[in-house]
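Below, each chain spelled out in residue letters.
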Amino acid sequence: MHAVTLIKGDGIGPSIMDEAVKIIDASGAKIQWEEAYAGLSAFEQFGNPLPDATMASIDRTRVAFKGPLTTVVGSGFRSINVALRQKYELYANVRPASNWEGVKTRYDDVDIVIVRENTEGLYSGLEHYLTPKKDIAESLAVVTRSGSQRVIEYAFKYARDNNRKKVTVCHKANILKFTQGLFLDVARETAARYPDIQFDEKIVDAACMHMVMNPQQFDVVVTTNMFGDILSDLTAGLVGGLGLIPGANIGDDAALFEAVHGSAPDITGKNLANPAAVIMAGVMMLNHLGEFEAAKRIKTAIEKVVREGKYVTPDLNPQSNCGTKEMGDAIVAAMG
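Quick summary incoming for the structure in this document. Quick caveat: nothing in here was measured; it's all calculated off a predicted structure.

Points about unusual backbone geometry
Link 1 in the chain: The phi dihedral of Arg62 falls on the positive side, at around 65°, and the residue is not glycine.
Link 2 in the chain: Of note in this structure, Asn271 is not a glycine but carries a positive phi near 55°.

Following this line, the structure appears as structure tokens:
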């Protein structure tokens, strides 16, 4: 059995996570769930958005499966997602975006994997006010050679292990000579050790333009923390939206799997949330755990359900009366 910390999260989190757990259990994967709490709901219940018991569970299992968490914009506690990534050195955030049959999009044949540095950059949390009036604020973007090396090395290994042909580094070294320049230098040094992988460099603003003009030119993209956050939302838009995008946060001895989208409080409790992203995050988790047959079974079933378009949530088919639970049931049935 694989022990996994289960964090259902806030908003739509419990409803989509219940479906994902139901599907994973039905797949035959050998998972022992340890339920824990984090986010706004944990803060309201325990007075702490990241309780000690949750950290103790992840310390034991080294694998977490997490629903979306609510982070208050502009005030309140810091992002729990960022805290977890930094605490467990989950330095590589992997966000794949590819077309789904049955989902109408502007482009065909999009298959892009964003590998985002996950612990440094502008999300390091080193910010402060410079005046007592709090009318000047400063944030520090931290980029280290070691942090850059491990995530760029991961991107090239990922490309090789998954039969990918190309790695593109996205940067802003033309303006930010030291921080982004260091990241680019490390990418060039790493690329020289992978002659079998095509290497490309793109300034991040130009990369955004190229992604919406010709997304098929991209394969694996590696970049710094904030740029990766932005680019992964862009690639999600190319293939149908955040409701279809899973995420993996990978470290040397721990991993966390999640949907990329937020907690969507406006549709909480309405049985409308699309569970596809978190289910696909579960597929990534099962592959990480070596449960390859179960992962393949779930992936095949959800692709069939989405392709047929009958038992999917309204964001995928506006004519559908199917809800979150019904879509989960259909995926379980498709595995059968």
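What to know about the packing of aromatic side chains
Link 1 in the chain: The final tally for this structure, using the stated rule, is five aromatic pairs.
Link 2 in the chain: Taking 6.1 Å as the distance between ring centres and 40° as the angle between the ring planes, the aromatic pair formed by Phe156 and Phe199 counts as tilted. Taken together, the residues span a long stretch of sequence, with Phe156 in helix H5 (residues 145-161) and Phe199 in strand E9 (residues 198-203) at a distance of 43 residues.
Link 3 in the chain: A relative accessible area of 25% places Phe199 in the partly exposed class.
Link 4 in the chain: Among the aromatic side chains, those forming a connected cluster through ring pairs are Phe156, Tyr194 and Phe199.
Link 5 in the chain: In this arrangement the basic side chain of Lys87 is found over the ring face of Tyr88, its NZ or CZ atom lying 5.7 Å from the centre.

Quick word on a nonpolar patch on the surface
Link 1 in the chain: On the surface, Met209, Val212 and Met213 cluster together into a nonpolar patch covering about 300 Å² of accessible area.
Link 2 in the chain: Following the sequence through the fold, Val212 ends up in helix H7 (residues 204-213).
Link 3 in the chain: By relative accessible area, Val212 is classed as partly exposed at 41%.

Thoughts on the sheet that holds E9
Link 1 in the chain: On the basis of which strands lie adjacent, the open sheet formed by 10 strands has the order E2-E1-E3-E12-E11-E4-E5-E10-E8-E9 and mixed pairing. Each edge of the open sheet is held by one strand with a lone partner, namely strand E2 (31-36) and E9. This sheet shows a mean twist of 25° between the axes of neighbouring strands, independent of strand direction.
Link 2 in the chain: Pairing geometry for strand E1 (residues 2-7) and E2, over six bridges, is parallel. The residue bridging His2 from the neighbouring strand is Ile31, located in E2.
Link 3 in the chain: The sheet contacts of H5 involve strand E4 (92-98), strand E5 (111-117), strand E8 (166-171), E9, strand E10 (220-223) and strand E11 (246-250), and relative to E5 the element is tilted by about 160°.

Reading the values: the criteria
- Every chain's residues receive numbers from 1 upward, in the order its sequence appears when written.
- Where local features are concerned, this predicted model is filtered to residues with pLDDT of at least 70; where side-chain atom pairs are given and counted, the filter is 80 or more; whole-chain, interface and lining totals use all residues.
- Only hydrogens and water are set aside; all other atoms, that is, all heavy atoms of the structure, feed into the side-chain values.
- Here a Phe, Tyr or Trp ring, Trp counted by its six-membered ring, pairs with any other such ring whose centre lies within 6.5 Å, and the pair is stacked when the planes are under 30 degrees apart, edge-to-face when over 60, and tilted otherwise.
- A run of H or I in DSSP becomes a helix once it reaches four residues, and a run of E becomes a strand once it reaches two; helices and strands are each numbered from the N terminus.
- Note on classification: 1.4 Å probe, protein chains only; a residue is buried when its accessible area is under 20% of the maximum for its type, exposed when over 50%, partly exposed between these limits.
- Geometrically, a lysine NZ or arginine CZ counts as sitting over a ring once it is within 6 Å of the ring centre and also within 35 degrees of the ring normal.
- Patch members must show over 30% relative accessible area and no salt bridge, and they are joined within 9 Å when carrying like charges or within 5 Å when they are nonpolar side chains of Val, Leu, Ile, Met, Phe, Trp or Tyr.
- For the accessible areas, the method is Shrake-Rupley and the probe is 1.4 Å, while residue cover comes only from the protein chains on display.
- Salt bridge, as used here: a side-chain nitrogen of Lys or Arg that lies within 4 Å of a carboxyl oxygen of Asp or Glu.
- One requirement defines pairing of two strands: DSSP has to find at least two bridges between them.
- Axes here refer to lines fitted to C-alpha atoms; in helices the fit is confined to the stretch in contact. Angles between the N-to-C directions go from 0 to 180 degrees.
- By the convention used here, residues are in contact when the closest approach between their heavy atoms is within 4.5 Å.

These values are about where atoms sit, not about what they do.
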